[in-house]
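Structural characterization, general
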Amino acid sequence: VATSMKSFGGRFLSRSNLVESLAPEVAPRRSILLLGPPGIGKTTLLRECARVLSEEFRLSVIIIDTTNEIGGDGDVPHSCIGRARRVQVKDRRRQHEVMIEAVQNHTPQVLIVDEIGTPDEVRAAKTIAQRGVALIGTAHGTDLRGLLRNPDVNGLLGGIQSVTLGDVEARRRQSYATRGALQKSVEQRQSAPTFDILVELVERHKWRLYHDVARTVDSILANVSFKVETRWVGPGGANLRARFEKTDMEVSSSVADELQ
């Protein structure tokens with residue numbers, strides 16, 4: 001087991017700049033969701049998050065290790081997770097229960113959990129966030145918009161609800177994008193997101209960051225442009241580069257004023 005775990009070393013070391021740049025966000029209890037397709041390296045980043053937060057930031061970190069992918073199969077977890085402690089989950093169907101039990105029994109400052117994918121796990125994550133514990137989790141998907149349209153897990157972003165507007169409000173929100181038609185039914189965010197920051201893993205060494213999930217979701221549902229940051233590792237893996245881009249969306253001027 002130790003040998004197989006060491007094979008991950010070369011993969012996460014080149015990403016440490018990204019993790020170290022995100023780690024200070026966790027200290028004030030901000031939660032981060034890593035989003036990407038299978039095999040792109042989400043679990044690898046979780047290991048580095050555990051190491052950096054537990055060793056360099058001296059935070060109390062608990063890992064929910066459902067398939068032993070994070071800490072390895074041995075009784076003693078691999079050194080790549082630093083001083084973080086882990087709780088193993090024998091039955092995948094109980095992951096949501098173990099998440100709550102870990103917070104109750106170990107009172108961590110940070111809880112790390114891989115593959116949040118069921119409504120029960122979404123509810124457990126929300127409960128944990130409401131207790132003031134910072135979460136670092138992963139979910140399968142390609143982008144934030146796709147996750148927002150997935151009814152099983154969009155609660156991580158605050159969920160979506162349909163709202164019927166009165167005539168006055170509908171006219172106020174009217175825009176050129178509707179070609180004069182009055183929209184009486186609109187979609188709005190249902191509640192506060194569980195995660196404050198979302199990181200899309202575009203490629204193994206390229207990430208797209210949404211620094212304010214609530215604001216981003218509101219902008220998407222209102223069809224309003226917003227800024228997103230792209231970060232990538234330069235040649236040799238030594239330099240972390242970044243740039244901000246504005247999404248190309250139709251802008252409803254009245255709603256846009258509210259989101260500025």
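Residues numbered from 1 in each chain as written. Predicted model: local features only at pLDDT ≥ 70, side-chain atom pairs only at ≥ 80, totals over all residues. Heavy atoms only, no water.

This part covers the confidence of the model for the protein chain. Residues at a pLDDT of 70 or more form 82% of the protein chain, whose mean pLDDT is 83. Per-element confidence in the protein chain ranges from a low mean pLDDT of 33 for helix α1 (residues 2-6) to a high of 97 for helix α6 (residues 119-130). Scored below 50 in pLDDT, residues 250-260 shows 23 contacts in the model against residues more than four places distant or in partner chains. (pLDDT = per-residue confidence, 0-100. Helix = DSSP H or I, 4+ residues; strand = E, 2+ residues; numbered from the N terminus. Contact = heavy atoms within 4.5 Å.)

Under the defined criterion, the tally for this structure stands at 15 salt bridges. Of the charged contacts, one joins aspartate 91 and arginine 93 as a salt bridge, the two residues approaching to 3.1 Å between their closest N and O atoms. Notably, a salt bridge pairs glutamate 97 with arginine 94, separated by 2.7 Å at the nearest N-O pair. The class for arginine 94 is partly exposed, based on a relative accessible area of 33%. Each of the salt bridges in this network shares a partner with another, and the network as a whole consists of Glu48, Arg51, Glu55 and Glu56. (Salt bridge = Lys/Arg side-chain N within 4 Å of Asp/Glu carboxyl O. Buried < 20%, exposed > 50% of the residue type's maximum accessible area, 1.4 Å probe, protein only.)

At threonine 107, a position not held by glycine, the phi torsion is positive, near 40 degrees. Turning to its location among the elements, threonine 107 is positioned in the loop between α5 (95-106) and β4 (110-113). Overall, the relative accessible area of 60% leaves threonine 107 in the exposed class.

A word on the sheet that holds strand β2 (residues 61-65). If you trace the nine strands from one edge of the open sheet to the other, you get β3-β2-β4-β5-β1-β8-β9-β10-β11, paired in mixed fashion. The strands lining the two open edges of the sheet, one partner per strand, are β3 (85-88) and β11 (240-246). Within the sheet, the average angular offset between the axes of one strand and its neighbour, ignoring direction, is 20 degrees. The pairing of strand β9 (residues 206-210) with strand β10 (residues 227-233) spans four bridges and is classified as antiparallel. Considered in β10, the bridge of lysine 206 is made with tryptophan 232. (Pairing = 2+ DSSP bridges. Axes fitted to C-alpha atoms, helices over the stretch in contact; angles between N-to-C directions.)

Our next topic: α5. End to end, α5 covers 16 Å across 12 residues, agreeing with the expected 16 Å (1.5 Å per residue, within 8%). If you check which residues of α5 are buried, you get Gln95, His96, Val98, Met99, Ile100, Ala102 and Val103. Buried positions along α5 lie against β2, β3, β4 and α6. At the C-terminal side of α5, threonine 107 shows a positive phi close to 40 degrees. (Expected span 1.5 Å × (residues − 1).)

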